[in-house]
Amino acid sequence: MAELLCEVSNGVAVLTLNRPQVRNALSASLRHELRLAIQRLDHDVEARVIVLTGADPAFCSGVDLHELRSGAPQAELGPLARPFIMSRTPLIGAINGAAYTGGLELLLACHFVIASDRATFADTHARLGVIPGWGLSVLLAEAIGLRRAREMALSSQPIDARTAEMWGLVNCVVPHDRLLQEAVSIAAAIAANDVVAVLRLSQLFDDQAAVSRDACWSLETQAWMGSSVIG
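A quick note: this is a predicted structure, and the numbers were derived from the prediction, not measured.

Caption draft 1: Region of the structure containing the overall build of the chain. A count of helical and extended segments in the chain gives nine helices and nine strands. Scaling as 2.2 N^0.38, a compact globule of 231 residues should have a C-alpha radius of gyration of about 17 Å, and the chain matches this with 17 Å. Dimensions of the chain along its principal axes, counting C-alpha atoms only, are 50 × 40 × 35 Å. Within the span of the chain, comprising 231 residues, buried residues form 48% of the whole. When the accessible area of the chain is evaluated, it comes to approximately 11100 Å², of which 56% is carbon and sulfur surface. Between the mean site of the 18 positive side-chain charges and the mean site of the 24 negative ones, the chain shows a separation of 4 Å.

If you want it as structure tokens, here you go:
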């Protein structure tokens, strides 16, 4: 069974994390396939917008801890000084269920986010005894503010979809059975616009954010390097 599904239609690519038996945990192979798929779609003129979702019941539970503890070789677990995935193409997160820890960092790498009313969100790095390395301390505070980000990170307590919407973690919440339809509808509206203008505007937002992010990325990297456990 393929760990990552990809379908392109009418200018919209839908990527689906497809390890439902382990809540779409990010194995080394899935991480590799996801990054390659986004790189490929970035150069595909037929894919003008990307929607990222998960096979029910979860969006992504984070790094595959069973694989990690088995001692299997792991790549790209350390600090990247950038989000784990980076897309030049507009990237919409369609969060269908739990988005925890590394899954939350995956959500934060999306340009904006639509959530199912069944979705939940949590950062459990502190519970696991690890320091984030994919930008959570930077992007979570940017999304919901420092105080709420600190609360989520230190308590490891989950929040529901409506709270996530109120805090600004997600753009909107829709009924679960309409999630993909709503995400694809927004993606289609973007795909209908001038492709050059869309890419330039999206890059402009990224460039402006980088002005304030760079120092914060450096601090997270230093914290990760000073920790004794990979996260």
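Caption draft 2: Fine view of the nonpolar core. Among the nonpolar cores identified, the biggest contains 46 residues, and L34, L52, L106, L107, F121 and L169 are the most heavily contacted of them. Ranked by size, the runner-up nonpolar core spans 14 residues in total, among them V14, V174, L179 and A187.

Caption draft 3: Focus on the sheet that holds strand β8 (residues 159-160). What the three strands build is an open sheet, ordered β5-β7-β8; its pairing is mixed. Of all strands in the sheet, those bounded by a partner on one side alone are β5 (98-100) and β8.

Caption draft 4: Examining the packing of helix α5 (residues 136-144) against helix α6 (residues 146-155) more closely. At their nearest, the axes of α5 and α6 sit 7 Å apart, and the two run at 130° to each other. When the interaxial angle is binned, α5 and α6 end up oblique. As for how α5 packs across α6, the hand of that crossing is right-handed. Residues L140, A141 and I144 of α5 form the contact with α6, whose own contacting residues are L146, R148, A149 and M152. Considered class by class, the residues forming the contact of α5 with α6 number six nonpolar, no polar and one charged.

Caption draft 5: Molecular detail of the layout of surface pockets. Roughly 910 Å³ of internal volume is contained in the largest pocket. If you trace the largest pocket, you find 36 residues lining it, with A109, C110, H111, D206 and R213 closest to the centre. Looking at the lining of the largest pocket, the elements that each hand over two or more residues are α3 (102-108), β6 (112-116), α5 and α9 (195-225). With 12 residues, the single largest contributor to the lining of the largest pocket is α9. Here the residues of the lining of the largest pocket are counted per class, giving 22 nonpolar, seven polar and seven charged.

Caption draft 6: Summary view of the pairing of strand β4 (residues 91-95). The element β4 is extensively covered by neighbouring structure, given that five of its five residues are classed as buried. Side chains of β4 alternate between two faces, with L91, G93 and I95 and I92 and A94 buried alike. As paired strands, strand β3 (residues 49-54) and β4 are joined by three bridges and run parallel to one another. Of the residues in β4, the one forming a bridge with I50 is L91. Relative to β6, β4 runs parallel, the two sharing four bridges. When the sheet's bridge partners are listed, I92 is paired in β6 with F112.

Rules of the game
Residues numbered from 1 in each chain as written. Predicted model: local features only at pLDDT ≥ 70, side-chain atom pairs only at ≥ 80, totals over all residues. Heavy atoms only, no water. Helix = DSSP H or I, 4+ residues; strand = E, 2+ residues; numbered from the N terminus. Rg over C-alpha atoms; globule rule 2.2 N^0.38 Å. Buried < 20%, exposed > 50% of the residue type's maximum accessible area, 1.4 Å probe, protein only. Areas by Shrake-Rupley, 256 points an atom, 1.4 Å probe, with all protein chains shown as cover. Lys, Arg positive; Asp, Glu negative; His and termini not counted. Charge placed at Lys NZ, Arg CZ, Asp CG, Glu CD. Core = buried A, V, L, I, M, F, W, Y, C linked by side-chain atoms within 4.5 Å. Pairing = 2+ DSSP bridges. Axes fitted to C-alpha atoms, helices over the stretch in contact; angles between N-to-C directions. Parallel < 35°, antiparallel > 145°, perpendicular 65-115°, else oblique. Left-handed = near helix turned anticlockwise from the far one by under 90°. Contact = heavy atoms within 4.5 Å. Nonpolar A, V, L, I, M, F, W, Y, C, P; charged D, E, K, R; others polar. 1 Å grid on protein atoms, 1.4 Å probe; cavity = no way out; pocket = protein on both sides within 12 Å on 5 of 7 lines; lining within 4 Å. Points joined across faces, edges and corners; volume = space filled by probe spheres on them.

All quantities given are derived from atomic positions and should not be read as evidence of function.
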